[in-house]
Amino acid sequence: MAQTLYHEWFVKFRFPGHEHTKMVDSELGLIPEGWEVKKLGDVIQFTNGKAIKALKEGNYPVYGSNGIIGWTDKAKYKNGIVIGRVGAYCGSLFYSKFGFWASDNTIVAESSNQKFGIELSFFVLQDLNLRRYAGGSAQPLLTQTVIKEIPVIIPDIATHKKFQPILQNIWAFKINLLNKNSNLRQTRDLLLPKLISGEIDVEHLEISKEDIAA
């Protein structure tokens, strides 16, 4: 839903009121009047992740270039995007609204412009397919220097203000579903061994075997 909305508004330029908006020339082609082209480094703050010994348990996830690789009790970032910067997962993207840590195999992107919120940044970076900007002969490698120079289209603040709350609601709904799925998996992992061993009698449970297996 969010990706479709992004493409309608910011790629096809069919945002609310677009019928009355004049299109003007830019280095990236025709864009709506009042919008502008800037380099990514002007609207997003990039920092390299930092090495850490990930734990099996903790309060905050540790992200590598292929997603969550462990946990930690200390968060270094919050509300940011993790970009895989080296190897097979170079260019991968993960968004975390809450506290997290990012390994030294990643680059972390954080919003630094009111016209370019972090949620919008995620879809812009996804649409860019960052892996194609990777260098390196032995294995793909992304650098801040290269990423910061990529030109992108910045919407006017009125359009961004209309888009941001819609996208935030979609993200909140997604996070809620992920949390529910996580709780269900934990319940399944707790009950299944006891059911197999006979420690718990299925007849006394209000859930079916099919629910547990699912």
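Up top you'll find the structure we're talking about.
Residues numbered from 1 in each chain as written. Predicted model: local features only at pLDDT ≥ 70, side-chain atom pairs only at ≥ 80, totals over all residues. Heavy atoms only, no water.

**A closer look at helix α1 (residues 2-11)**
Here comes step 1: Three or more residues of α1 are buried, namely A2, L5, Y6, W9 and F10. Buried residues of α1, seen end-on, are gathered within an arc of 100° and therefore sit on one face of the element.
Here comes step 2: Where α1 ends, the next residue or the one after it, F13, has phi of about 60°, a positive value. (Buried < 20%, exposed > 50% of the residue type's maximum accessible area, 1.4 Å probe, protein only. Helix = DSSP H or I, 4+ residues; strand = E, 2+ residues; numbered from the N terminus. Arc of directions from axis to C-beta.)

**Describing the packing of aromatic side chains**
Geometry of an aromatic ring pair is reported as the spacing of the ring centres plus the angle between the planes.
Here comes step 1: Scanning the model with the defined rule gives 12 aromatic pairs in all.
Here comes step 2: Note that K76 overlies the ring of W101, its terminal NZ or CZ placed 5.9 Å from the centroid. (Phe/Tyr/Trp six-rings, centres within 6.5 Å; stacked < 30°, edge-to-face > 60°. Lys NZ or Arg CZ within 6 Å of the ring centre and 35° of its normal.)

**Describing a nonpolar patch on the surface**
Here comes step 1: On the surface, L55, I68 and W71 cluster together into a nonpolar patch covering about 260 Å² of accessible area.
Here comes step 2: Along the polypeptide, L55 turns up in the loop between β4 (44-48) and β5 (60-64).
Here comes step 3: For L55, a relative accessible area of 39% translates into the label partly exposed. (Patch = residues over 30% accessible without salt bridge, like charges linked within 9 Å, V, L, I, M, F, W, Y side chains within 5 Å. Areas by Shrake-Rupley, 256 points an atom, 1.4 Å probe, with all protein chains shown as cover. Salt bridge = Lys/Arg side-chain N within 4 Å of Asp/Glu carboxyl O.)

**Examining helix α5 (residues 157-197)**
Here comes step 1: Taking 1.5 Å of rise per residue, the 41 residues of α5 would be expected to cover 60 Å, and the 60 Å separating its terminal C-alpha atoms lies within 8% of that figure.
Here comes step 2: Most pronounced at L191, the bend in α5 amounts to some 25°, and the proline P193 follows within four residues.
Here comes step 3: Those residues of α5 lying buried are T159, H160, F163, Q164, L167, W171, I175, L191 and L195.
Here comes step 4: Positive backbone phi, approximately 85°, marks G198, located one or two places after α5. (Expected span 1.5 Å × (residues − 1). Bend = angle between axes of the 7 residues up to and from the residue.)

**Looking at the packing of helix α3 (residues 118-128) against α5**
Working note: a packed helix pair is described by the angle between its axes plus the distance between those axes.
Here comes step 1: α5 packs onto α3 with a crossing angle of 85° between their chain directions and a minimal axis gap of 9 Å. It follows from the interaxial angle that α3 and α5 lie roughly perpendicular. Contacts from I118, E119, L120, F122 and F123 in α3 reach H160, F163, Q164, L167, Q168 and W171 in α5.
Here comes step 2: For the contact of α3 with α5, the class distribution of residues is seven nonpolar, three polar and one charged. (Axes fitted to C-alpha atoms, helices over the stretch in contact; angles between N-to-C directions. Parallel < 35°, antiparallel > 145°, perpendicular 65-115°, else oblique. Contact = heavy atoms within 4.5 Å. Nonpolar A, V, L, I, M, F, W, Y, C, P; charged D, E, K, R; others polar.)

**As for the nonpolar core**
Here comes step 1: Residues L40, I81, I83, F116 and L125 are the most contacted members of the largest nonpolar core, which totals 37 residues.
Here comes step 2: By residue number, the principal contributor to this core is α3, which donates seven residues.
Here comes step 3: The residues contacting I83, other than those within four sequence positions of it, are F46, G91, S92, L93, N105, T106, I107, A109, L125, L130 and L142.
Here comes step 4: Y63, Y77, V82 and A102 belong to the second largest nonpolar core, which has six residues in total. (Core = buried A, V, L, I, M, F, W, Y, C linked by side-chain atoms within 4.5 Å.)

**Points about the sheet that holds strand β7 (residues 77-84)**
Here comes step 1: With mixed pairing, the six strands of this open sheet are ordered in space as β4-β9-β7-β8-β5-β6. On the outer flanks of this sheet lie β4 and β6 (67-72), each paired with one strand and no other. Recorded for the sheet is a direction-independent mean angle of 40° between the axes of neighbouring strands.
Here comes step 2: As paired strands, β7 and strand β9 (residues 106-111) are joined by four bridges and run antiparallel to one another. The residue of β9 that forms the bridge with V82 is V108. (Pairing = 2+ DSSP bridges.)

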